[in-house]
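Residue-level structural notes
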Amino acid sequence: FPIKNSNGVNVDFLNKIAVSRCAYEPEDAKVKNIDATTDTEASGSKRGGKEMFTYCRALALSQDEYERIRKANPSSKRPTEKPVSRSNEKRALKIIKNAATRALGLFGSTIEEDEAILMDTVKTPQYSWYRNAVLARLGEKRTLTHYIRLAESATSLLSCSSVKKLEQHKVFSELRSADRKDEWGYYANKYVDKVVIPLIKAKK
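In every chain, residue numbers begin from 1 and rise along the written sequence. Reporting in this predicted model follows two pLDDT cut-offs: at least 70 for local features of residues, and 80 or more for side-chain atom pairs to be given and counted; totals over whole chains, interfaces and linings ignore these cut-offs and use all residues. To obtain the side-chain values, all non-hydrogen atoms of the structure were used and water was disregarded.

A few words now on the environment of Y186. Secondary structure elements are defined from DSSP: runs of H or I of at least 4 residues count as helices, runs of E of at least 2 residues count as strands, and each element is numbered from the N terminus. Looking at where Y186 falls in the secondary structure, it is placed in helix α8 (residues 183-202). It is 9.7 Å that separates the C-alpha atoms of Y186 and R176, two residues lying 10 residues apart in sequence. With near-sequence residues (within four places) excluded, Y186 lies in contact with D179 and R180. Pairs of residues are marked as contacts when any of their non-hydrogen atoms sit within 4.5 Å.

Here's what the structure looks like:
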């Protein structure tokens, strides 16, 4: 990994941040999204999406932001583990969305096509190598799609000037009405509660 980030800022801890690979659950209908806010077993590892956000926030740091967090955390190896500012978070989300969109475009089939393949138990019998391969790529596509959707939703909410404005936002209403037992409803709302709302309250 480089030391200079996407803004040309020399970030001394950038090449020391570990980024784990996305994981998926092999059984049908149990593909899990990586938790975007905290370490969790739900991602298939104990690290989850926390590392990705830590790295992307570091990639998105401006010179002023870097100097500020380094002054506040001179000995920290991962000072971007916590959100830095609204503008930094939006830049980090843009990095994530662009990377996920590029990766999704490399697949030769869509989520809907993979789901149709799995419905055909003659061509893809249970426990076959072909079925497992389709399940693997489907899990990756769902995770990438989750982050694209999260980036789009969160970026809109981070533009709100106050919590009151946020609560009146259409995206916020849609998230709050989502089933918390559903993967999207649970993880997206957790990100809003743990990251978006505190940043707006802090007026960073």
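Read on, since the account is not over.
Take the side chain of E89 next. Position of E89 among the secondary structure elements: in helix α3 (residues 86-105). Other than its neighbours up to four places away in sequence, E89 contacts F53, R57, P83, L158, Y191, V195 and L199.

This part is about the nonpolar core. The tendency in soluble globular proteins is for nonpolar side chains to be buried side by side. Counting residues in hydrophobic clusters, the biggest one holds 27 residues, and the most contacted among them are L157, L166, Y191 and V196. For this core, the secondary structure elements donating two or more residues are α1 (50-59), α3, α5 (129-158), α7 (170-177) and α8. Ranked by the residues each element gives to this core, the list is headed by α8, at 9 residues. Residue contacts for L157: discarding those within four places in its chain leaves L166, H169, V171, F172, L175, V192, V196 and I200. Here the nonpolar core consists of buried residues drawn from Ala, Val, Leu, Ile, Met, Phe, Trp, Tyr and Cys, with membership extended through side-chain atoms lying within 4.5 Å. Under the scheme applied here, a residue whose accessible area is under 20% of the maximum for its type counts as buried, over 50% as exposed, and between as partly exposed, the area being computed with a 1.4 Å probe on protein chains only. Core analysis: the second largest hydrophobic core is formed by 12 residues, V11, F13, Y55 and V84 among them.

Moving on: the pattern of salt bridges. In what follows, salt bridge is the name for a side-chain nitrogen of Lys or Arg lying within 4 Å of a carboxyl oxygen of Asp or Glu. Evaluation of the coordinates by the stated rule reveals 9 salt bridges. When salt bridges that share partners are traced, they join D114, R137 and K141 into one network.

On to the environment of V11, then. When you line up the elements, V11 lands in the segment before α1. Separated by 55 residues in sequence, V11 and Y66 place their C-alpha atoms 7.2 Å apart.

Turning to its location among the elements, L59 is positioned in helix α1. Leave out the neighbours within four places in its chain, and L59 touches N5, S6, N7, L14 and I95.

As a further point, take α1. Burial within α1 is extensive, with 9 of its 10 residues counted as buried. Those residues of α1 that are buried are in contact with α3, α5 and α8.

Here the focus is the packing of aromatic side chains. Working definition: a ring pair exists when centres of Phe, Tyr or Trp rings (six-membered ring for Trp) sit within 6.5 Å. Plane angles under 30 degrees give stacked, over 60 give edge-to-face, the rest tilted. Under the defined criterion, the tally for this structure stands at 4 aromatic pairs. Taken together, a centroid distance of 5.4 Å and an interplanar angle of 50° make the contact between F53 and Y191 tilted. Taken as a pair, F53 in helix α1 and Y191 in helix α8 lie far apart in primary sequence, 138 residues in all. There is no split in this pair, since F53 and Y191 are both buried. Members of the aromatic cluster, connected to one another through ring pairs, are F53, Y147 and Y191.

Turning our eyes to something else, we now look at the packing of α1 against α3. Geometry of a packed helix pair, given as the angle between the helix axes and the separation of the axes. Axes, fitted as lines to C-alpha atoms, cover a helix only where it is in contact. Angles between the N-to-C directions of the axes lie from 0 to 180 degrees. It is at 8 Å that the axes of α1 and α3 come closest, and there the two elements cross at 110°. Judged on the interaxial angle alone, α3 and α1 are roughly perpendicular. The way α1 lies across α3 gives a crossing that is right-handed. Contacts between α1 and α3 involve M52, F53, C56, R57 and L59 on the former and, on the latter, N88, E89, A92, L93, I95 and I96. All residues other than Ala, Val, Leu, Ile, Met, Phe, Trp, Tyr, Cys, Pro, Asp, Glu, Lys and Arg, Gly among them, are scored as polar; the first ten of these are nonpolar and the last four charged. In the contact of α1 with α3, the residues fall into 8 nonpolar, 1 polar and 2 charged. When an angle is under 35 degrees it counts as roughly parallel; over 145 it counts as roughly antiparallel; between 65 and 115 it counts as roughly perpendicular; any other value is oblique. Note on convention: the crossing is left-handed when the near helix lies turned anticlockwise from the far helix by less than a right angle, right-handed when the turn is clockwise.

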